[in-house]
Amino acid sequence: MKKIISLVLATLIPVLFFAGCSSNQSKDVDYPVTVEGVTLNKSPENVVVLSDSLADVILKMGYERKLVGRSDQVDQKDLLVLPSVGDALQPNIDKIKELKTDLILSEAELSDQFKQLCDQNNIPFIKINKASNRVDFSRLYTDVGCATSGAKTGYERGNAKSQDLILEIDDIIRRIPQTSIPITACY
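Residues numbered from 1 in each chain as written. Predicted model: local features only at pLDDT ≥ 70, side-chain atom pairs only at ≥ 80, totals over all residues. Heavy atoms only, no water.

Visitor: Outline the overall build of the chain, supporting the account with residue identities and numerical values.
Guide: The number of helices and strands found in the chain is seven helices and six strands. Starting at the N terminus and ending at the C terminus, the chain contains elements arranged as α-α-β-β-β-α-β-α-β-α-β-α-α. Every one of the 187 residues in the chain was classed for burial, and the buried ones make up 36%. Contacts spanning at least 24 positions in sequence make up 47% of the contacts within the chain whose residues lie at least 6 apart. Taken as a whole, the chain presents about 12000 Å² of accessible surface, with 57% of it coming from carbon and sulfur. (Helix = DSSP H or I, 4+ residues; strand = E, 2+ residues; numbered from the N terminus. Buried < 20%, exposed > 50% of the residue type's maximum accessible area, 1.4 Å probe, protein only. Contact = heavy atoms within 4.5 Å. Areas by Shrake-Rupley, 256 points an atom, 1.4 Å probe, with all protein chains shown as cover.)

Pasting the structure below:
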């Protein structure tokens, strides 16, 4: 009897493992996804980033291949090859449309007029707030991940990257000697 149970389990485990790894299941889990109140039904391929700090997050997560445009304030060396869509607070909607943009990411609240133009052109606009603490730092990364790669894949990658960065920061803090002597400097 034990041999029969072992044989059945041995044949079922690989079947269950491969069934759980199918690409169709992953796509079903990833989309639709809602980030900051905006629902995306499919993975964006042409993203415009208006915030330099969000651009840093995108670079850290390895999603720069999805970027097709940037604001003037996004000045990372790797992203300077992307066309500019103007100022981060007043981007040029015509330039954004020319790039066939299917997602705009920003940390700034933009005008209602700009948001209406985005709605009229079916271009989702997501305002992702800056992080203010460790938990919020993870939220920032998972929001960017979900917006660019979906609910499961993006969330997991964003969470992993944020935790890696938090560990790096903690390692640096541990290396700094603790002292009760105030540090002063004179010029």
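Visitor: I'd like to hear about the nonpolar core, residue by residue, with values.
Guide: In this structure, Leu40, Leu105 and Ile126 are the most contacted members of the largest nonpolar core, which totals 27 residues. Within the residue set of this core, elements represented by two or more residues are strand S1 (33–35), strand S2 (38–40), strand S3 (47–49), helix H3 (52–61), strand S5 (103–106) and helix H6 (134–149). Ignoring any residue separated from it by four or fewer positions in sequence, one finds Leu105 in contact with Val47, Val48, Val49, Leu50, Ser51, Leu54, Ile58, Ile126, Ile128, Ala147 and Thr148. Core analysis: the next-biggest nonpolar cluster, separate from the first, contains 13 residues, Val68, Ile96, Phe114 and Cys118 among them. (Core = buried A, V, L, I, M, F, W, Y, C linked by side-chain atoms within 4.5 Å.)

Visitor: Before we move on, could you go through the environment of Glu45 and cite the residues and values that matter?
Guide: With respect to the secondary-structure elements, Glu45 resides in the loop between S2 and S3. The spacing of Glu45 and Thr101 is 56 residues in sequence and 7.9 Å in space, taken between C-alpha atoms. Ignoring any residue separated from it by four or fewer positions in sequence, one finds Glu45 in contact with Lys66, Val68 and Asp102.

Visitor: Tell me about the pattern of salt bridges, and name the residues and values.
Guide: Inspection of the entire model under this criterion finds eight salt bridges. A salt bridge links Asp170 to Arg134, with the shortest nitrogen-to-oxygen separation between them at 2.3 Å. Note that Asp170 is positioned in helix H7 (residues 153–175) and Arg134 in helix H6, a separation of 36 residues in sequence. Given the relative accessible area of 17%, Asp170 is considered buried. Note that Arg139 and Asp136 form a salt bridge whose closest N and O atoms lie 2.9 Å from each other. One end of the pair, Arg139, and the other, Asp136, are both in helix H6, three residues apart, so they sit about a helical turn from each other. Three or more residues joined by partner-sharing salt bridges are found here, namely Asp136, Arg139 and Asp143. (Salt bridge = Lys/Arg side-chain N within 4 Å of Asp/Glu carboxyl O.)

Visitor: How would you sum up the packing of H3 against H6? Please name residues and give values.
Guide: Running from N to C, H3 and H6 cross one another at 70°; their axes reach a closest spacing of 10 Å. Taken together, the axes of H3 and H6 lie roughly perpendicular to each other. Residues Leu54, Val57, Ile58, Lys60 and Met61 of H3 touch H6, and the partners they reach there are Leu140, Tyr141, Val144 and Gly145. Here the residues of the contact of H3 with H6 sort into seven nonpolar, one polar and one charged. (Axes fitted to C-alpha atoms, helices over the stretch in contact; angles between N-to-C directions. Parallel < 35°, antiparallel > 145°, perpendicular 65-115°, else oblique. Nonpolar A, V, L, I, M, F, W, Y, C, P; charged D, E, K, R; others polar.)

Visitor: Hey, could you go over the sheet that holds strand S4 (residues 67–70) for me, with residue numbers and the actual values?
Guide: Within the open sheet, the four strands sit side by side as S4-S3-S5-S6. Their pairing is parallel. In the strand order of this sheet, the two ends are held by S4 and strand S6 (125–127), each with one partner. Here the strands of the sheet are splayed against their neighbours by 25° on average, with no regard to which way each runs. Sheet topology places S3 next to S5; three bridges connect them, and they run parallel. Paired with Val48 across the two strands is Ile104, which belongs to S5. (Pairing = 2+ DSSP bridges.)

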